[in-house]
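Examining the three-dimensional arrangement
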Amino acid sequence: MEPTSHGQTPAAAGVERALDRALSHLISHQADSGAWPGDYGGPMFLLPLYMGTCYATGVPIAADVRADMVRYLRHVQNADGGWGLHVESHSYLFTSTIIYSALRLFDVPAEDPMLVKALAWIRAQGGPLAAASWGKFFLTLLNLHDYAGLNPVPPELWILPEALPIHPSRLWCHTRMVYLPMSYLYGHRVQMPVNARVLQIRAELYMEPYDRIDWASARERVAATDNYTPVAQMMRLANRALLAYEKRPVRLLRAQALERVLELVDAEDRNTQYICLGPVSKLYHLWVWQHARPNGSQLAHHVKQLPEYLWRAKDGTKMQGYHSSQLWDTAFAAQAILESGRASANAQVLERAHAFIAANQVSEDLPRRAHAYRDATKGGFCFSSKDNGWTVSDCTAEGLRTALALAPHVKTPIASERLLDAVDLLLRSQNPDDGFASYEPYRGPAWLEKLNPSNCFGDIMIDYSYVECTAACMVALNQFKAEYPGLRDTQIDEATRRGLKFLRSRQREDGSFEGSWGVCFTYGTWFGIEGLRAGGLSAGHSAIQRACAFLQGKQLDDGGWGETAESNLKRRYVHAECSQAVMTSWAMLALIAGGQGESRAVAHGAQFLLSSQQRDGSWPEEHIAGMFNKTCAIHYDNYLKVFPLWALGKWAARNEKERV
Ligand code: LAN
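Residues numbered from 1 in each chain as written. Predicted model: local features only at pLDDT ≥ 70, side-chain atom pairs only at ≥ 80, totals over all residues. Heavy atoms only, no water.

Details of the overall build of the protein
- Helix and strand content of the protein: 24 helices and eight strands.
- In summary, the protein has a C-alpha radius of gyration of 25 Å against a globular reference of 26 Å for 660 residues, a match within 12%.
- Referenced to the eigenvectors of the C-alpha coordinate spread, the extents of the protein come out at roughly 80 × 55 × 45 Å.
- Across the 660 residues that make up the protein, the buried fraction comes to 63%.
- A sequence separation of at least 24 residues applies to 74% of the contacts in the protein between residues at least 6 apart.
- Put simply, the protein shows about 24,600 Å² of open surface, and 54% of that area lies on carbon and sulfur atoms.
- Placing the 66 positive and 68 negative side-chain charges of the protein at their respective mean positions leaves the two points 4 Å apart. (Helix = DSSP H or I, 4+ residues; strand = E, 2+ residues; numbered from the N terminus. Rg over C-alpha atoms; globule rule 2.2 N^0.38 Å. Buried < 20%, exposed > 50% of the residue type's maximum accessible area, 1.4 Å probe, protein only. Contact = heavy atoms within 4.5 Å. Areas by Shrake-Rupley, 256 points an atom, 1.4 Å probe, with all protein chains shown as cover. Lys, Arg positive; Asp, Glu negative; His and termini not counted. Charge placed at Lys NZ, Arg CZ, Asp CG, Glu CD.)

Quick look at the nonpolar core
- The biggest cluster of nonpolar side chains holds 217 residues, and the ones touching the most others in it are Phe45, Tyr50, Trp83, Leu103, Leu185, Tyr284 and Trp287.
- At 11 residues, helix α22 (residues 581–593) tops the list of elements feeding residues into this core.
- With near-sequence residues (within four places) excluded, tyrosine 284 lies in contact with Leu49, Trp134, Phe137, Phe138, Leu141, Val178, Pro181, Met182 and Leu185.
- Within the second largest apolar cluster, five residues are counted, among which are Ala35, Leu327, Phe356 and Ile357. (Core = buried A, V, L, I, M, F, W, Y, C linked by side-chain atoms within 4.5 Å.)

What to know about the packing of helix α4 (residues 93–105) against helix α8 (residues 196–205)
- Packing of α4 against α8 brings their axes to within 10 Å, and their N-to-C directions diverge by 145°. Helix-helix and strand crossings are classified by hand; for α4 and α8 the assignment is right-handed. Counted together, Tyr100, Ser101, Arg104 and Leu105 of α4 and Arg197, Gln200, Ile201, Glu204 and Leu205 of α8 form the full contact between these two elements. (Axes fitted to C-alpha atoms, helices over the stretch in contact; angles between N-to-C directions. Left-handed = near helix turned anticlockwise from the far one by under 90°.)

Brief notes about the pattern of salt bridges
- According to the stated counting rule, one finds 31 salt bridges in the structure shown.
- In this structure, arginine 342 and aspartate 20 form a salt bridge, with 2.6 Å as the shortest nitrogen-oxygen distance. Of this pair, arginine 342 sits in the loop between α13 (326–338) and α14 (347–359) while aspartate 20 sits in helix α1 (residues 10–27), and the two are 322 residues apart along the sequence.
- Across the pair aspartate 375 and arginine 443 runs a salt bridge, and its minimum N-O distance is 3.0 Å. Here aspartate 375, found in the loop between α14 and α15 (393–406), pairs with arginine 443, found in the loop between α16 (416–428) and α17 (467–483); they are 68 residues apart in sequence, far enough to count as distant.
- The exposure class assigned to arginine 443 is buried, which follows from its relative accessible area of 16%. (Salt bridge = Lys/Arg side-chain N within 4 Å of Asp/Glu carboxyl O.)

A short note on the environment of isoleucine 357
- Structurally, isoleucine 357 can be placed in helix α14.
- Here isoleucine 357 falls in the buried class, since its relative accessible area comes to 1%.
- Distance in space between the C-alpha atoms of isoleucine 357 and glycine 399 is 6.7 Å, their sequence separation being 42 residues.
- Sequence-distant contacts of isoleucine 357, that is, excluding residues within four places in its chain, are made with Leu327, Thr330, Ala331, Phe381, Gly399 and Thr402.

Quick word on the packing of aromatic side chains
- Inspection of the entire model under this criterion finds 40 aromatic pairs.
- Relative to tyrosine 179, the ring of tryptophan 134 lies with its centre 6.3 Å away and its plane at 75°, an arrangement referred to as edge-to-face. Pair noted here: tryptophan 134 is in helix α6 (residues 133–141) and tyrosine 179 is in helix α7 (residues 173–187), with a separation of 45 residues, a long-range link.
- What makes tryptophan 134 buried here is its relative accessible area of 10%.
- A centroid spacing of 4.8 Å and a plane angle of 70° characterise the contact between tryptophan 328 and phenylalanine 332, whose relative ring orientation is edge-to-face. Residue tryptophan 328 and its partner phenylalanine 332 are located together in helix α13, separated by four residues, close to a single helical turn. Accessibility classification places tryptophan 328 together with phenylalanine 332 in one group, the buried group.
- One cation-aromatic arrangement involves arginine 189 over tyrosine 186; the distance from NZ or CZ to the ring centre is 4.1 Å.
- Stacked on the ring of tyrosine 573, the Lys or Arg lysine 554 has its end atom at 4.8 Å from the ring centre. (Phe/Tyr/Trp six-rings, centres within 6.5 Å; stacked < 30°, edge-to-face > 60°. Lys NZ or Arg CZ within 6 Å of the ring centre and 35° of its normal.)

Structural notes on the site of the ligand
- Of all residues adjacent to the ligand, which total 18 residues, the nearest are Tyr40, His174, Phe383, Asp394 and Phe628.
- Within the side chain of aspartate 394, an N or O atom sits 2.3 Å from an oxygen atom of the ligand.
- Alone, the ligand offers 630 Å² of accessible surface; in the complex the protein occludes 99% of this.
- Where the shell around the ligand is concerned, the elements lending two or more residues are α7 and α15. (Near = heavy atom within 4 Å. Polar contact = N/O pair within 3.5 Å; in protein donor to acceptor, adjacent residues only side chain to side chain.)

Next comes the structure, spelled out in structure tokens:
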């Protein structure tokens, strides 16, 4: 800890104390690897998929872990008896039906009050036949629903000519990597064998006898709770055509397609060290290998990596939304520490964080990548760690930016050639619409969204350009240009000019930016302002002034800001019932970037953070702040440790320029 200097006002001493505490709280959570591991839970469909998959594939789970999973699900049940799409959402049939089934498979008795209540809710909403399609699919794997009640997921799509706009390689990587193993399982009509427990669950879930269910009529049925993206006419027609084909699929084509799909599943496994791109595809790959090579090494490799996805938290054991969020969190943590005015006193912490970041830059492109429809990744950073292999535009940007910022503080900074690899990767990935997508630049047309079959997610079919990704890339590229003038100046200037055009086109009438990966207008507007500044706009520019005015207009009486995930769903600002430390920090960082660091609004925000900090330097648990696909929120454990420190540090630094 650094002593507070003479002549400080008591208020300033209070800020320094708050920074010291917040910093030591953050540092106490750094792992030996240099990273900040954390709980990345929130979505409610993942743990039941995990439980059901382990049950069906015979993967043992230790008794205490099983009990802790049940404890978690008990803890997050909604008052009406159902479970949400994520911990804070209204109840969905999708999640409630698969959670109910998983709990029963894990021997929770049907008479348990949790399940009695759940079943009443499920039945009142129309039962599994009205669940979103992902729920029906998983129930079908568990033999709790019939393939006749599913719309087709034919593997043949993968052997269509690649030039066609509907070739699956054109989809957003998460969607294509989930539907890839699904198409294998669908093509083989894979199902867990029926047993006594399955028969019991069937009798519980359905109101009519199982063998008399009219499956065909269920294909298009979706309860209002689950139906965010109603099936479009185009999808309906496509389903009809696919169903006709499904009556008599061409045997040779099917066999060939299934072989190709298995090859792609295998490539993904190797490219990700059996971690897979995301949690859903990871679990479906287990089903695939269980069917294709029940005694093969693939299954064993998969089982070994499974626990990577689990997190034991205070409220129980859950499955995380990714195999971790470590690169992302570590980059932010390091930036917050650098701006806390306490960098020199924490040299070892920064050295370790840098080592993690340096060790996790992807050094080579994947072998035979075109064969697996993979873009170049050399120089990039993943959201979790290098092993995952899927580089993300803004993770690359944050990794690059943090490496640049840490360089003066570490013994062996990342070599300029490697930084240049990151820069070149970013420069190559700008979209024709001038923005930056999440993982891959433009592959497919926007109308593919009309074929969104998920019911419960929005904007999943292609990789769009995002405000956050665009802004992060612009900031990082310009920081690189400032540190290494003369290497890519022209290209960076051009990318920046185009990025600015994109951002300006995304600013809304009210001055805000809609965020996609965080809640929502606060998060988006923070990135928007940072991006506009990186694009060369001065603080006095009307676009920045309007964005700042938007945020100021949302400030609550206690000086804080608070928004909920409802904002993303409804696409308009929804106030939380009270101020939230993370959103307050985002708003402060945004206003400071917008040149309003001296304003009363920011000081008032700081006041809120100071008054709500706890003795150990932490802030109380609050609303979930991460988001994806419009409807699903996700928890970033480290945000509450990082952002208040960052915002307070940056704010305090304005008054004390000499802080190092
Ligand atoms: C993530 C997590 C990180 C996130 C950011 C880097 C924060 C963002 O700026 C870009 C998009 C990205 C990489 C992202 C995309 C969607 C993900 C992968 C997730 C929110 C984590 C989980 C989610 C994934 C889609 C969950 C599985 C569900 C499906 C609908 C396939």
